[in-house]
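Close look at the chain arrangement
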Amino acid sequence: MGQFRLLCFFFICLFGYEGLAKGVLGLACNWGLQSTHPLPPNIVVKLLKDNGFNKVKLFEADPGALKALGRSGIQVMVGIPNDMLASLASSVRNAEAWVQQNVSNYISKYETDIRYVAVANEPFLHAYKDRFVQTTFPALQNIQAALIKAGLGKQVKVTIPLNADVYQTDSGLPSGGNFRPDIHGLMIKIIKFLQDNGGPVTINIYPFLSLQADPNFPKEYAFFNNTASPLVDGSISYNNVYDANFDTLIAALEKNGFGKMPVIIGEVGWPTDWDPNANIDNARRFNQALLNRIIQGQGSPRRRTPPDVYIFSLIDEDSKSVEPGNFERHWGIFNYDGSIKYPLNMGNGRSIVPAKGVKYLARQWCVLSPSASISDPNLAQSISYACQYADCTSLGYGSSCGNLDAQKNASYAFNMYYQTMNQRKDSCSFSNLSVITTMDPSQPPCRFEIMIDIGKHELAPSSNKSSAARIKSVLTALMLVLALVICGVH
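Residues numbered from 1 in each chain as written. Predicted model: local features only at pLDDT ≥ 70, side-chain atom pairs only at ≥ 80, totals over all residues. Heavy atoms only, no water.

Once that is clear, we can look at the packing of aromatic side chains. Within a pair of aromatic rings, the relevant descriptors are the distance that separates the centres and the angle that separates the planes. This model, assessed by the stated rule, comprises 22 aromatic pairs. Here the aromatic residues Phe59, Tyr206, Phe208, Phe223, Phe224, Tyr242, Trp270, Trp274, Phe286, Phe312, Phe327 and Trp331 are joined through ring pairs into a cluster of three or more. One cation-aromatic arrangement involves Lys408 over Phe448; the distance from NZ or CZ to the ring centre is 5.6 Å. (Phe/Tyr/Trp six-rings, centres within 6.5 Å; stacked < 30°, edge-to-face > 60°. Lys NZ or Arg CZ within 6 Å of the ring centre and 35° of its normal.)

Shown next as structure tokens:
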């Protein structure tokens, strides 16, 4: 008997190890797609897997991304943009069509492992002035009904990514947490609906924004492992705003009868540019400590069970809206091309690794001509034109390119336009003020970019396993089943 058990153990260890290792708690992140020169989806999926990410959140149902994620082993949360809420709220048929096209289709054809549909994104922000208050819950209900009709009600759950401004505390302490009075009734209805259908509450927490919005906010309190004075709440001492914010939500849930409600952190991270506090050192400090918490399975003082945490974000997005601030384009732990911004320990002794197989435009830059004069009356207008159509957010005060002199400042603007326009011959013609050079004008920490050559990449190549890999997986599964049968017999 003992020999059979030993044999079972041997088989399971030999053939089941790989699958078990892949099944351990992994990392989660947001994959944003608002870029003029996006990384090909198959390269992004490889980047995710190489760095230990097994969960990803998309803000929209992008076909290329959803196809590439098929058979990848990565669990997917697919988002519905706010501008679709009215249509989905008005008709369950619209919701059924959306589910068929963006969920059922990818699950059945590509075996994409879609686990959640994120209905809306921070729809109750104060800044939206109640624009989505009437449509968010009906849209959620219709999407849930559509999932059930499609036979996916148990496999795919609904949620709503919410901003942390949906709750507050009048006492200034996490224990005083409750939902905002103006949406309190609506929040209770939504949470009850999520609970009834097995969906989680999803909340976005941004310590950087707390620091950025308040000049009197204690900087150290925005970080983990800091020297800040703790916030004492009864028997609990909070050493960072992340835990205090999260536990304010937990207190609000407990206060309204939802103490066991599962919670996901939908977004949390730190940007690297445009603001004096948005830099490489601060981003690395915050994100490394965040990763350490995730890897160690650390929860909060009020809820010890760790939530799924989706890091924001995977890669920079150079065409994202800058309405909240220019830092919006710089949240990535990778640059736009999947190159490494700063070192990170991703757990199990693994260092962060860059994207592989990226193809670039020619190694050339558009810069201010040495013969051009800074006093030329056309210069300011040319810079303004370039930055109207390209991303110049790194030129701001406190940014990575904020210390350039006047000549380099113009060169940066010209080059960003030139690269954004795919190095077209006519895109380095700024009233005879510019020239093309093959000498890299970068001045660390300021990078003069060369864009991805989109034309050299297939738009959505398959990320399916090779035949050999599929055969290996089948054989491994069969051997594991055989081992379990032997165990069951004896």
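Taking 1.5 Å per residue, 17 residues should reach 24 Å; helix 10 (residues 280-296) reaches 24 Å between its end C-alpha atoms and fits that length. Of the positions making up helix 10, those classed as buried are Asn282, Ala283, Phe286, Asn287, Gln288, Ala289, Leu290, Leu291, Arg293 and Ile294. Of the surrounding secondary structure, the elements contacted by the buried residues of helix 10 are strand 1 (27-31), helix 8 (207-213), helix 9 (241-255), strand 12 (263-268), strand 13 (308-311) and strand 14 (345-347). Directly beyond the C-terminal end of helix 10, a positive phi value near 70° is found at Gly297. (Helix = DSSP H or I, 4+ residues; strand = E, 2+ residues; numbered from the N terminus. Expected span 1.5 Å × (residues − 1). Buried < 20%, exposed > 50% of the residue type's maximum accessible area, 1.4 Å probe, protein only. Contact = heavy atoms within 4.5 Å.)

Once that is clear, we can look at helix 12 (residues 406-420). Helix length check: helix 12, at 15 residues, gives a terminal C-alpha distance of 22 Å against a target of 21 Å (1.5 Å per residue), a fit within 8%. Across the 15 residues that make up helix 12, a large majority, 11, are buried. Every buried residue of helix 12 is accounted for by Ala410, Ser411, Tyr412, Ala413, Phe414, Asn415, Met416, Tyr417, Tyr418, Gln419 and Thr420. The secondary structure elements touched by the buried residues of helix 12 are strand 16 (365-368), helix 11 (379-389) and strand 17 (434-437). Measuring from the backbone nitrogen of Gln407 back to the side-chain oxygen at the start of helix 12 gives 3.2 Å, which picks out Asp405 as the cap. Asn422 sits one or two positions beyond helix 12 and adopts a positive phi of about 60°. (Polar contact = N/O pair within 3.5 Å; in protein donor to acceptor, adjacent residues only side chain to side chain.)

With that settled, consider the sheet that holds strand 6 (residues 161-163). The strands making up a sheet associate through backbone hydrogen bonding, with each pair oriented either parallel or antiparallel. Pairing is parallel in the open sheet, where nine strands are placed in the order 5-4-3-2-1-13-12-9-6. Where the open sheet ends on each side, the last strands, each with one partner, are strand 5 (157-159) and strand 6. Sheet twist, expressed as the mean angle between neighbouring strand axes with direction ignored, is 25°. The pairing of strand 6 with strand 9 (residues 201-204) spans three bridges and is classified as parallel. Looking across to strand 9, one finds that Asn163 is bridged to Asn204. Taken strand by strand, helix 6 (residues 136-149) contacts strand 3 (75-80), strand 4 (113-119) and strand 5, and its axis lies near 155° from that of strand 4. (Pairing = 2+ DSSP bridges. Axes fitted to C-alpha atoms, helices over the stretch in contact; angles between N-to-C directions.)

Within strand 2 (residues 53-58), six of the six residues are buried, leaving the element largely enclosed by the surrounding structure. Relative to strand 2, strand 1 runs parallel, the two being bridged by five bridges. Residue Ala28 lies in a different strand from strand 2, and its bridge partner there is Lys55. One crossover worth recording links strand 1 to the parallel strand 2 by way of helix 2 (residues 41-50), and it is right-handed. Of the crossover connections in this fold, the one passing from strand 2 over helix 3 (residues 63-68) to the parallel strand 3 is right-handed. (Right-handed = clockwise from strand over helix to strand, strands pointing away.)

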